[in-house]
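Examining the three-dimensional arrangement
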Amino acid sequence: MKYDATIEEFMEDLIERNPGEVEFHQAVYEVAESVIPFTAQNSKYERAAILQRMTEPDRTIIFRVVWEDDDGNIHVNRGYRVQFNNAIGPYKGGLRFHPSVNLSVLKFLGFEQTFKNSLTTLPMGAGKGGSDFDPKGKSEREVMRFCQAFMTELSKHIGQHIDVPAGDIGVGTREISFMFGQYKRLTREFTGTLTGKSLEFGGSLIRKEATGYGCAYFMEEMLKHTGDSIAGKTCLVSGSGNVAQYCAEKIMHLGGKVVTLSDSSGFIHDPEGLSEEKLAYVIKLKTRIRGRISEYAEKYGCAFYKDEKPWKIPCDLAFPCATQNEIHKPDAEMLISQGCRAITEGANMPTTVEAIRVIHQAKLLYGPGKAANAGGVAVSGLEMTQNSIRMSWTSEELEERLKNIMKNIHQQCVTHGTEQGGYLNYVKGANLAGFIKVANAMLAYGVI
Ligand code: NDP
Ligand code: 2IT
């Protein structure tokens with residue numbers, strides 16, 4: 001690979017080295033589009049092959065996970081941890097349990113995490129892991145046995161100064177607790193090696209809320225920059241899991257009206273908007289009972305659109321908070337034509353490359369996931385700090401820190417993403433700000 005490759009040459013080489021990993025290609029392409037023109041102007045990064053090094057994980061661990069269901073049947077799943085980059089701190093990032101998990105998905109997530117964690121201002125490298133295990137329809141005991149089997153192998157590769165996993169899709173407090181219990185049992189140590197723990201054993205206040213709250217704060221910052229705010233706006237939220245729930249809550253706190261939520265079977269449209277009471281129902285439905293969002297429509301007498309996404313409903317603001325590639329080009333065109341002004345991503349890479357192009361052409365405010373959803377990992381970083389100093393901070397203190405971190409990320413985007421003519425390209429801003437810090441650390445280490 002020559003140092004001064006064009007974006008196309010760089011991608012050709014990456015695709016050849018990582019065949020079939022379409023999500024990973026997509027995530028790298030989005031970054032390469034911002035970073036390659038920058039490194040062409042700043043040849044020290046180009047000569048040191050920094051972007052080539054950043055797109056190759058430090059190591060990838062793949063292992064067998066065997067567990068027994070309640071009827072005594074034996075199941076085999078695949079477990080992964082991709083330790084992507086530890087230039088600025090220990091590997092840090094979530095674990096995803098979902099049948100769609102494969103190496104491509106985890107490499108895209110680990111790669112994005114490198115930039116996101118750099119933006120938080122905290123000393124965290126990047127990793128991601130998980131399994132193709134499907135927690136849906138499993139009993140509590142089955143989930144426990146799976147988590148214990150998964151951690152039995154993973155425990156050999158992680159540690160408070162090495163790699164600190166947390167939650168993601170399908171992994172919440174319950175799963176983190178099972179895994180932390182097993183880690184503690186195997187290693188005979190009590191350290192903050194996982195984040196997102198329960199409050200009784202080292203968890204941090206506000207962690208549960210952090211990704212969603214941070215996403216709403218990021219939207220508020222983007223709007224503030226143009227002299228506007230969330231108050232009075234009609235908002236579409238997709239997903240109904242951890243991120244969607246607390247994003248919806250903060251939108252309401254800030255005076256916005258949330259009219260949709262979704263899950264993998266469809267979306268609900270409640271024109272009157274969510275209330276605290278309705279949200280409490282959703283949290284119970286999704287967290288404890290693990291039900292379907294269609295039950296909301298039955299309970300509150302509103303519309304449920306089976307197998308559809310919320311983007312056809314007229315809105316001012318959109319918050320994709322479910323999963324990758326949930327906004328395609330026709331969805332983006334629909335959002336724009338119906339009056340949507342701004343999008344912030346609670347999910348990781350929910351918008352396709354073609355859809356981002358359309359959004360940029362229409363000059364919408366568009367906050368990409370690596371900036372807008374960094375609040376979750378940021379409070380994970382604060383959980384690590386609290387564990388290290390054996391103290392816990394109050395919710396007020398933590399929420400203030402979270403708010404300041406989101407403001408700081410927004411400012412980094414302004415500094416690096418303002419284009420000639422004044423349009424603020426948050427994708428470019430986040431990519432460059434995230435890149436420069438990690439790249440400078442890598443340059444300082446020499447050739448490793
Ligand atoms: P949860 O498991 O709590 O919720 C996931 C939600 O997305 C559910 O509503 C789920 O529906 C839906 N969903 C998942 N997969 C699909 C799919 N393939 N198609 C359609 N809908 C789907 O996860 P989180 O809320 O934690 O994560 C949501 C997003 O936010 C992910 O992209 C994650 O990477 C990202 N994120 C999470 C952070 C965190 O701290 N948790 C931090 C930063 C980003 P159903 O119930 O039907 O499965
Ligand atoms: O995508 C993400 O940033 C997360 N799932 C949270 C990671 C973390 O370590 O808290």
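Structure: above.
Residues numbered from 1 in each chain as written. Chains lettered and ligands numbered in written order. Predicted model: local features only at pLDDT ≥ 70, side-chain atom pairs only at ≥ 80, totals over all residues. Heavy atoms only, no water.

1. Points about the packing of helix α8 (residues 207-225) against helix α15 (residues 374-389)
Running from N to C, α8 and α15 point in directions that differ by 145 degrees, and their axes come no closer than 7 Å. α15 is crossed by α8, and the crossing has right-handed handedness. Residues R207, A210 and T211 of α8 form the contact with α15, whose participating residues are G375, G376, V377, V379, S380 and E383. Looking at side-chain class alone, the contact of α8 with α15 contains three nonpolar, four polar and two charged residues. (Axes fitted to C-alpha atoms, helices over the stretch in contact; angles between N-to-C directions. Helix = DSSP H or I, 4+ residues; strand = E, 2+ residues; numbered from the N terminus. Left-handed = near helix turned anticlockwise from the far one by under 90°. Contact = heavy atoms within 4.5 Å. Nonpolar A, V, L, I, M, F, W, Y, C, P; charged D, E, K, R; others polar.)

2. Describing the site of ligand 1
Surveying the vicinity of ligand 1 reveals 26 residues, the closest of which are D168, T211, S264, R292 and N348. In this structure, an oxygen atom belonging to ligand 1 sits 3.3 Å away from a side-chain N or O atom of K286. Between an oxygen atom of ligand 1 and a main-chain N or O atom of G346, the distance comes to 3.4 Å. At the level of elements, α8, α9 (242-253) and β7 (257-263) are the ones that each hand at least two residues to the shell around ligand 1. Considering only residue class, the shell around ligand 1 consists of five nonpolar, 13 polar and eight charged. (Near = heavy atom within 4 Å. Polar contact = N/O pair within 3.5 Å; in protein donor to acceptor, adjacent residues only side chain to side chain.)

3. What to know about the packing of aromatic side chains
Enumeration according to the criterion identifies 23 aromatic pairs in this entry. Between Y281 and Y296, the aromatic rings sit 6.5 Å apart at their centres with planes inclined by 50 degrees, giving tilted as the arrangement. One end of the pair, Y281, is in helix α10 (residues 276-288); the other, Y296, is in helix α11 (residues 294-300), with 15 residues separating them in the sequence. Ring pairs connect the aromatic residues F63, W67, F97, F133, F146 and F150, which therefore count as one cluster. Taking NZ or CZ as reference, K197 lies 5.8 Å from the ring centre of F180, over its face. In this arrangement the basic side chain of K278 is found over the ring face of Y300, its NZ or CZ atom lying 5.6 Å from the centre. (Phe/Tyr/Trp six-rings, centres within 6.5 Å; stacked < 30°, edge-to-face > 60°. Lys NZ or Arg CZ within 6 Å of the ring centre and 35° of its normal.)

4. Some words on the pairing of strand β2 (residues 74-85)
The two faces of a sheet get side chains in turn, since along a regular strand they alternate between them. Alignment of strand β1 (residues 59-68) against β2, held across ten bridges, turns out to be antiparallel. In the sheet register, E68 faces β2, and the bridge partner there is I74. Pairing geometry for β2 and strand β4 (residues 126-131), over six bridges, is antiparallel. Considered in β4, the bridge of Y80 is made with G130. (Pairing = 2+ DSSP bridges.)

5. Side note on the site of ligand 2
By nearness alone, 14 residues border ligand 2, and K92, K116, D168, R207 and S380 come closest of all. K116 is positioned such that a nitrogen or oxygen atom in its side chain is 2.8 Å from an oxygen atom of ligand 2. Here an oxygen atom of ligand 2 and a side-chain polar atom of N348 are 3.1 Å apart. In the complex, 94% of the free accessible area of ligand 2, which totals 300 Å², lies under the protein chains. Of the residues contributing to the shell around ligand 2, the split by class is two nonpolar, seven polar and five charged. (Areas by Shrake-Rupley, 256 points an atom, 1.4 Å probe, with all protein chains shown as cover.)

6. Overview of the sheet that holds strand β9 (residues 303-306)
Pairing is mixed across the open sheet formed by seven strands, whose spatial order is β9-β8-β7-β6-β10-β11-β12. Both outer strands of the open sheet, β9 and β12 (365-367), are each paired with one neighbouring strand and no more. Mean inter-strand twist for the sheet, computed between neighbouring axes without regard to direction, equals 15 degrees.

7. So, the nonpolar core
Of all hydrophobic cores here, the largest spans 58 residues; its most connected members are F218, I251 and F319. The element contributing the most residues to this core is α8, with nine residues. When sequence neighbours within four positions are dropped, the list of residues in contact with F218 reads T344, G367, A371, A372, M406, I409, H410, C413 and Y426. Residues F24, Y80, A126 and V438 belong to the second largest nonpolar core, which totals 39 residues. (Core = buried A, V, L, I, M, F, W, Y, C linked by side-chain atoms within 4.5 Å. Buried < 20%, exposed > 50% of the residue type's maximum accessible area, 1.4 Å probe, protein only.)

8. Quick look at the environment of G446
If you trace the backbone, G446 turns up in the segment after α17 (426-445). On a C-alpha basis, the gap between G446 and A48 in space is 8.6 Å, while along the polypeptide they are 398 residues apart.

9. Quick notes on empty space enclosed by the protein
The full count for this structure, using the stated rule, is two cavities of 30 Å³ or more. By volume, the largest cavity is sized at about 100 Å³. Broken down by secondary-structure element, the contributors of at least two residues to the lining of the largest cavity are α2 (22-41), α3 (43-47) and α4 (50-54). Residue composition of the lining of the largest cavity, grouped by class: eight nonpolar, two polar and two charged. In this structure, the second largest cavity occupies an estimated 40 Å³ of space. Around the second largest cavity sit E30, E112, E345, M349, T351, I356, Y366, P368, G369 and K370, which together line it. Tallied by class, the residues present in the lining of the second largest cavity amount to four nonpolar, two polar and four charged. (1 Å grid on protein atoms, 1.4 Å probe; cavity = no way out; pocket = protein on both sides within 12 Å on 5 of 7 lines; lining within 4 Å. Points joined across faces, edges and corners; volume = space filled by probe spheres on them.)

10. Examining α15
Residue pairs three or four apart in sequence face the same way in an α-helix, which turns once every 3.6 residues. Here α15 is 16 residues long and its end C-alpha atoms lie 23 Å apart, about the 22 Å a rise of 1.5 Å per residue gives. In the stretch just after α15, R390 is the one whose phi turns positive, near 55 degrees. (Expected span 1.5 Å × (residues − 1).)

11. Here we look at unusual backbone geometry
For R290, which is not glycine, the phi torsion reads 55 degrees and is therefore positive. Along the chain, the position of R290 falls in the loop between α10 and α11. Residues other than glycine seldom take positive phi values, yet M349 does so here, at roughly 50 degrees. In this structure, M349 sits in the loop between β11 (342-344) and α13 (353-361). Residue M349 is classed as buried on the basis of its relative accessible area of 3%.

12. As for the environment of A27
Residue placement: A27 occurs in helix α2. Residue A27 is classed as buried on the basis of its relative accessible area, which comes to 0%. Spatially, the C-alpha atoms of A27 and M391 are 37 Å apart, while their sequence positions differ by 364 residues. What A27 contacts, discounting residues up to four positions off in sequence, is F108, F111, E112 and M349.

By themselves these figures say nothing about function.
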